[in-house]
Every structure is written in structure tokens, then in C-alpha cells.
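Structural characterization, general
Read off the chains here:
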Amino acid sequence: MPAATEQEPQRPQLLISLSGKISDPNTKFVINDGAVSVLEALPQPIGVISVAGLYRTGKSFILNQLAGRVSGFDIGASIQPKTQGIWMWVLDPAVCRRRKLPEGMSIVLLDTEGLGSFTKTETHDVKIFSLAVLLSSFMIYNSLGTIDDTAVENMSLILNLTRSIKDKVHEGPPSGSMLSLPVKVDPSVLRPFFPRFLWLLRDFTLELEIEGRKISEDEYLENSLKPLEGKDPDILSKNKVRDTIRAVFEQRSCFTLKRPVDDEDDLQNLSEISNDKFRKDYLQEVERLIQYVYRNTPPKSLYGTPLSGSVFVGIMKQYVMAINTGSVPVISSAWDSVLQQKMEMALEAAREAVADTLPKPTDLTSAMVLLEPTGPAATAQAAANAAFLTTAVVPAMTPPILDRRLGEIRDSAYEAFATLGKAVESGIADHNRAAAARAARQVQTAVERAESVDAIRAAAAAAETSYLADAKGENRVAQIGELHAVGWTSMVLGGAATVVESERDRVDKEWRGKYDVMVEEKTAEYDKVMEMYQTVDAEWKKEQANAKQLREQATELRYEIMGHQKTIKSLEGQVADMSSTNAMLTSDLGALRKKFDETTTKLQSVTQQLEQTTTKLETTEKKRGDLEKRMTDLDAGINSASAEQEEMVAAILERDERISALQSELNEAYAMVELEQGNAGKTKDAVKQAEADRDKWKKKAEELEQEGCKCAIM
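Rules behind the numbers
Residues numbered from 1 in each chain as written. Predicted model: local features only at pLDDT ≥ 70, side-chain atom pairs only at ≥ 80, totals over all residues. Heavy atoms only, no water. Helix = DSSP H or I, 4+ residues; strand = E, 2+ residues; numbered from the N terminus. Polar contact = N/O pair within 3.5 Å; in protein donor to acceptor, adjacent residues only side chain to side chain. Expected span 1.5 Å × (residues − 1). Buried < 20%, exposed > 50% of the residue type's maximum accessible area, 1.4 Å probe, protein only. Pairing = 2+ DSSP bridges. Core = buried A, V, L, I, M, F, W, Y, C linked by side-chain atoms within 4.5 Å. Contact = heavy atoms within 4.5 Å. pLDDT = per-residue confidence, 0-100.

**Observations concerning the side chain of Asn142**
Its place among the elements puts Asn142 in strand E6 (residues 138-144). A polar contact is formed between the side chain of Asn142 and the side chain of Arg202, at a distance of 3.4 Å.

**What to know about helix H11 (residues 309-324)**
Compared with an ideal rise of 1.5 Å per residue, which puts 16 residues at 22 Å, H11 spans 22 Å between its outermost C-alpha atoms and is within 8% of the ideal. Taken across its 16 residues, H11 has 14 buried, putting it largely inside the fold.

**Regarding the pairing of strand E4 (residues 86-90)**
By the criterion of burial, E4 is predominantly enclosed, with four of the five residues buried. Here three bridges tie strand E1 (residues 13-18) to E4, and the two strands are oriented antiparallel to one another. By the bridge assignment, Gln13 is partnered in E4 with Met88. Judged from the five bridges that link them, E4 and strand E5 (residues 106-112) form a sheet pairing that is antiparallel.

**As for the nonpolar core**
Nonpolar side chains tend toward joint burial in soluble globular proteins. Core analysis: the biggest nonpolar cluster contains 68 residues, and Ile16, Leu39, Phe129 and Trp199 have the highest contact counts within it. When near neighbours in sequence (up to four residues on either side) are disregarded, Ile16 contacts Phe29, Val30, Ile31, Gln84, Gly85, Ile86, Leu131, Leu135, Met316 and Val320. If you look at the next biggest cluster of nonpolar residues, it comprises 30 residues, including Leu200, Leu283, Val286 and Tyr294.

**Digging into the side chain of Ser143**
Summarising the element assignment, Ser143 is placed in strand E6. The class of Ser143 is buried, set by a relative accessible area of 8%. Polar contacts involving the side chain of Ser143 include one to the side chain of Trp199, which spans 2.8 Å. When neighbours within four sequence positions are excluded, Ser143 is seen to be in contact with Trp199, Leu200, Leu201 and Arg202.

**Here's the deal with the confidence of the model for the chain**
This prediction gives the chain a mean pLDDT of 76; 75% of its residues lie at or above 70. Every residue in residues 1-9 scores below 50 in pLDDT, and together they form 27 contacts with partners more than four places removed in sequence or on other chains. When the criterion is pLDDT under 50, residues 75-82 qualifies, and its contacts beyond four places in sequence or with other chains add up to 20 contacts.

In C-alpha cells:
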């Protein structure tokens, strides 16, 4: 047979072994954990091909051929059996592709311990055969030669198998099980649980003919399984085996193989010889056998449900546990138990998928992220459903049961989501609380160092911005609340109040110092102005006294003029007597002229003094205006004017009015003096004219009298 050219397939592994010697009643079957791991890693349905039969009939060699190898399972050349327990070989995917096996199905080959060995008991053979039948989806019964009475008798252990299973099925099916049987059990009820059956006849040399008619291998099998005629107990016993085979193996077929080699030495070492030493017709028959087996191998199933690797392991464990306890496997019980186990495993896988898929609380910035359509919750829910559907035996569930289980997964996932959400919110709160505390310490440090409210405001804004950038979650109110929880507001406001108070004290102290200096300056300026005012006031009073003295002098002059007027009037009375008294008048006129000259001199002196007084008054007026301007500036600088200052200004104004009145009086006096000077000139002319023209004196006297009246009025 051609050697495999693709990737090296996996090697056979021991699947079920014995814990001790067969003769020891305490010996149990033991399932190999390594083989279990390999099987459980097969998520798709598996097709299980087993070979059973008498020991030393070449079962292992046939399995090696099915695996596309000459070697693999041990092949012995002695009378001692080589295979102990049950071995398995999971075909490599390359072999499955080369053999064009159905996609989505793995193939497992089972090599069983040979039956009928002198080292074994019939009970042990029944157990091995039971496991092979119950675990297979395609079973090859390997025997040498033809199907004769001896070959049929070698299959008698099938009776013990079905009898035990029938008893157990009758005693223990669960309520509603598909395997509820009547008291008298028909072996055909086991048909759904038994594999396809192929009777492989090795070293077959006969011609397939009946009465000269060629028949097929399957026809040969059916003819061999027909009941024999007769009532002999031996015949009845053999017929019962035939009936049982037909009853339990609904799909059965036969295949024949010729002798593989002609050399006896090569026959003892088939695993070591090369392909060119095999008979060509044998290799062709083997290839046809392989194609037939793979083409007709269905997935292993129970109650219409294909078994994945993990479910297959669960069923196998139930069967082995039943055998180890001294009973024969109860299929329905095993199935229900595995379904329950797979259901629990699926639910646990879903929970673990949720736990493994959900992120850590520290990886989420908000619990609301969980609720996004493509968020962690949706991903975890999908992973949980996928884990459940992958682990559970979904085809065995009715839609209501599947919906209920998915609902349980959803509820469990929601609880995990809620727990994670709380953890996220708690973690966010803790993170934000710590961030708020850091921001508070930052602000506290800034407050302690700040020298202005603007500095505190800037530090608070920077710390708040840094905190909000570091804070987690989408609830801005909660984030700000954490700041308030650590005393942020009172800290900032308190620091600002402290700085404001300090700044106010500093500004107050600074302005108070400036105010005191300004007050001192304004006070000094006021004192200086007051001193100048007092000086001016003293000068004004002095000038007022001078003006008073001048007024008095003017009054005296007025009275003197009035006396002159009286004198003139007296002269008028004396005009008539002028001629007589001319000398006296001339004398008097000289005296009058002298007095007039003196009066003129005094008038000039008074006029000069009046001019000086006027000049001083103008100077005083100018100084008074300057003083008023400076007093106004002083009042504006100090922002207050006392009642005394207002009274002083009023007094100055009053004095100005008095000075104005005095000036008016001086002007009147000056006008009067000028008038008197004019009158005096007129009087001298009048006297001269009187001397020149005495006739006109009276008239002139009247004019002088009129002029005198005018002066009196003025």
C-alpha cells in the first residue's frame, strides 16, 4: 500500500487500559487522560471506526491500512495478543482530505483487544466488545476465512451484550426516555445505538457463487445469517446469534480480502515489509475497502445528535463507570447524564467566557461603555452564547429548552455586567477621588504660595483642567462633585479670601501711607496758604486802616472845603465892601492862596497815597485770586472743606466787597478833590475878575455858589 506523502499523522494512543490483572476482581478500566485531551479538542462531530474480532487475526494491521500507514498500531507475530485494552488513532486532517472525507467531521480509529484469547475470560471479552459497539459509528468485525458455524459461534458474545443491555434498559430508563422498553425486550430496539456493521473476511479464498450464480459479498453475508432449519438446541443457539446480529445491526455489509503476501515469513512481519511485496490484487482490495469504509462512516450519534469529541468522552466515561461498577451501560442514563454535565459545563463555559471577555474595571472609563451596541457587554454576551453553543449538546435540545438556557446565560451575563458596572463606577469614583485629592493638594500648595487672587484663580483653573483630563467617567457632575467632596470650593474661596484680606491690608496700608503723606503735604500747603493768607489779611487790614485814614482825611478835606465855601459866602457878603476892604481881601486872598497851596499839596499827597493804595489793592486782589485758586485746589485734593474754610472764603469775599466799596469811596473822594481843585482855580479867576470887573462879581459869586452847591451834593 502506498505510504502517506503528506504531513505525518498522529500516532496511536492508549484510550482504555486495565488497572491490574484480568484475574483480579478489583481490576477496573482506566481512561487515559492524554487521549481524553486529544478527543476533547475535536469540536466537530467524530466518526468512530473500530475493529473487533478474535485475537491474532490482523485487526491492527487493517487499522494501519485505514490510517494510510503500514505501521502504527502494534502488530504481533506470536500467539500472544499485542493489543491490550482499547487504543485510538485520530486521523490527521491531511489524510481526511486525501480520502475526501466529509468536511466538518473527524475520524477516530479504535483498535480493540482481541477476543477469545487464552489469557482472557469471556466476561472481559464482553466488556471490551460492549465498549467497542457502544463507542463506534462504524464497526468492522474481523475474522479469518469464511462465515461458517464456527465464525457465527464466535459472535455469540453478542447475546450476552444485548441481554445485559436489555435488562438494564428495562430497569433504569428515565422518564420520557426514548429507550423505554417493554418487559420482553426486542433486540432491535438497540438498533439506533449500534454502529454500521461490516464483517471483514481475511484470507478469503472461496468463489462467491451459489448454485453457479455469482453473488455479492453482502448477499454472502445475508445468506450466512439466515436461520438454519431444525429444532436442535445447537441449531437454535446458533440461529439466536444470527437473529440477534440481524436485529441489532440494521446496516450491515461484508467485505473480503485475499491473503496479503505469499511468503509465510513476510506474513509474520507485515508491518516491516515494503509495498512491493504485497500482492497487487490485495492492495487493490484494501484500497476499495478503505474507500468503502470512509464513504459509509457516519458521525457517532445518540438520539439523532452527532457527538463532538467532548460529548463522546462524556458518554465513554459513563459507560466505563457502569462497567467498573459491575453493570452494563444504560444508554439513556448515560446520555442524560452527559447532557446534564455538558449543560453545566456549557453554562460554566458561558460564565467563564463572560468573565474572560469583559475588561477589567480599570480598563473602562465609564460603565455606560458596557451598554454600547458593540461594547464589551455585547461582545461578552456573544462570547458567552458562542461558548455555550460550542460546549452544550445543542442538537439534543428542544427550542424552548435552548431559549431557556440562553435566557439563563443572558441573566447571568447581566449580573456580571451589573457587577462590573458597579466595580467600574466604584473604581472611577476611587480614581476621581484620588485625582481630586491630588488636585486639592496642588491648589492648597498654590494657595499657600499665591500672592494674588489672579494667581489662585489661574492655579485653580490649571488644577481643575488637569483633574478633569485625568478624571474618568462621563458624568461631569459626579467628577465636579468629587472636587467639592475634598473641600475644593472652600479651599479656593478660603485661599482667595485670605489673599484678598492680605491684599486689602496691603493696599489699605499703602493707600493709608499715601493718604497720610498727601494729608501732610496738603496740610503743610494749607498751613503755608493760611500763613500767606494771614499775611495778606494783615496787609489788607493795614490797607483798610490806611483807607479808613484816607477817608477820614477826605472827610476832613470835605469839611475844610465846606469851610471854604462858608468863607466864600462870607466873601460874597463882603463883596459890596470889597473896595474898602480890598487890602484886607488881598491879604485874606494871599492867606487863602497859601492855604490853598497847602491843601493842594495835601491833596497831591493824598492822591499819591491813594494811587499807592490802589496799586496795593490790585496786588492784593491778584494774590486773593491766587489764594482762592490754591484754596480750591487744596479743597479738591483733600476732598473736604471745613466750615472754617468756607467762612474764611466768605470773609475774604466780604472783605473784597468792602475793599471795592472803599475803592469806590476813594474814587469819589478823588473826584471831589479834583472838583475842588477846579473850583479853587475858578475862585482865583473870580477874584482877579472881581478886581478887574467889580460889576460882575455878584454873578460870579452866584456861579461859585452854584458850584459850591454841587460840591455839597457830591
